[in-house]
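What follows is each chain in one-letter form.
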Amino acid sequence: MSQETAQSDKMLEAMRNFSEQYAKRTDTFFCSDLSVTAVVIEGLAKHKQDLGAPLCPCRHYEDKEAEVKSTFWNCPCVPMRERKECHCMLFITPDNPFVGSEQAISLEYIKETTEKIKG
């Protein structure tokens, strides 16, 4: 395993752990389609590794570094913290039709799912 792969795995595990703990703390759940959760967590991990902060991976930014500094879209973003509104559908309230029953996801599932998507 290369050092870069080890770092990526470590960051992915950190974001997985954060997501599980935050869901439990906020009484939110992952999407009923866990592949959505896997892709979002991987995107957060990639941004944390590349940019130093878990910038929301589901939005387009003209300048990612500037967005990181503003902190508005760093996960958990302001809409999530203030109103429990997660654009990525990572943290879903029980009244949302896409809500699942899980507040946990395995590292293996995340890796397998994102590898399949990448082809």
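Residues numbered from 1 in each chain as written. Predicted model: local features only at pLDDT ≥ 70, side-chain atom pairs only at ≥ 80, totals over all residues. Heavy atoms only, no water.

**Observations concerning the state of the cysteines**
The following threshold applies: Whenever a pair of cysteine sulfur atoms sits within 2.5 Å, that pair is classed as a disulfide. Think of it in three bands: with a 1.4 Å probe and only protein chains considered, a residue is buried below 20% of the maximum accessible area for its type, exposed above 50%, and partly exposed in between.
Overall, the coordinates contain 0 disulfides when judged by the stated rule. Considering cysteine sulfurs only, Cys86 is the nearest to Cys75, which forms no disulfide, with 6.4 Å between them. Since its relative accessible area comes to 18%, Cys75 is described here as buried.

**Overview of helix H5 (residues 107–118)**
Heads up, the condition is: Strands are runs of DSSP state E lasting at least 2 residues, helices are runs of H or I lasting at least 4, and numbering of each runs from the N terminus. Expected span of a helix: the number of residues minus one, times 1.5 Å. Note on definitions: a residue-residue contact is assigned when non-hydrogen atoms from the two residues lie within 4.5 Å.
For H5, built from 12 residues, the straight-helix expectation of 16 Å at 1.5 Å per residue is met to within 8% by its first-to-last C-alpha distance of 17 Å. On its buried face, H5 is in contact with helix H1 (3–26) and helix H2 (34–51).

**Details of the nonpolar core**
Considering soluble globular proteins, one finds that nonpolar side chains tend to be buried as a cluster. Applied cut-off: Nonpolar cores were defined as sets of buried Ala, Val, Leu, Ile, Met, Phe, Trp, Tyr and Cys residues, with membership established by side-chain atoms within 4.5 Å.
The biggest cluster of nonpolar side chains holds 26 residues, and the ones touching the most others in it are Ile41, Leu90 and Phe91. Mapped by element, the contributors of at least two residues to this core are H1, H2 and H5. Looking at this core, the element that brings in the most residues is H2, giving 5 residues. Sequence-distant contacts of Phe91, that is, excluding residues within four places in its chain, are made with Phe18, Ser19, Tyr22, Ala23, Thr28, Phe29, Phe30, Cys75, Met80 and Cys86.

**Considerations on the packing of H1 against H2**
Quick note on the threshold: Angles shown run from 0 to 180 degrees and are taken between the N-to-C directions of axes, each axis being a line fitted to C-alpha atoms and, for helices, limited to the stretch in contact. The scheme is simple: roughly parallel for angles under 35 degrees, roughly antiparallel for over 145, roughly perpendicular for 65 to 115, oblique for anything else. Crossing handedness is read from the near helix: turned anticlockwise from the far helix by less than a right angle, it gives a left-handed crossing, and turned clockwise, a right-handed one.
Running from N to C, H1 and H2 point in directions that differ by 120°, and their axes come no closer than 8 Å. Relative to H2, the element H1 is oriented oblique. For the crossing formed where H1 meets H2, the hand is right-handed. Facing H1, whose interface residues are Glu4, Gln7, Ser8, Met11, Leu12, Met15, Arg16 and Ser19, H2 presents Ile41, Glu42, Leu44, Ala45, Lys48 and Gln49.

**What to know about the side chain of Gln103**
Threshold: N or O atoms closer than or at 3.5 Å make up a polar contact, with two conditions inside protein: a donor-capable atom paired with an acceptor-capable one, and, for residues adjacent in sequence, both atoms drawn from side chains.
Along the chain, Gln103 falls in the loop between helix H4 (78–83) and H5. Polar side-chain contacts of Gln103 include one of 3.2 Å to the backbone oxygen of Ala23.

**Brief notes about H1**
The terminal C-alpha atoms of H1 lie 34 Å apart, and with 24 residues this matches the ideal 34 Å at 1.5 Å per residue to within 8%. All of the buried residues along H1 are Asp9, Leu12, Met15, Arg16, Ser19, Glu20, Tyr22, Ala23 and Thr26. Elements in contact with the buried residues of H1: H2, H4 and H5. Following H1 by one or two positions, Asp27 adopts a phi angle in the positive range, close to 55°.

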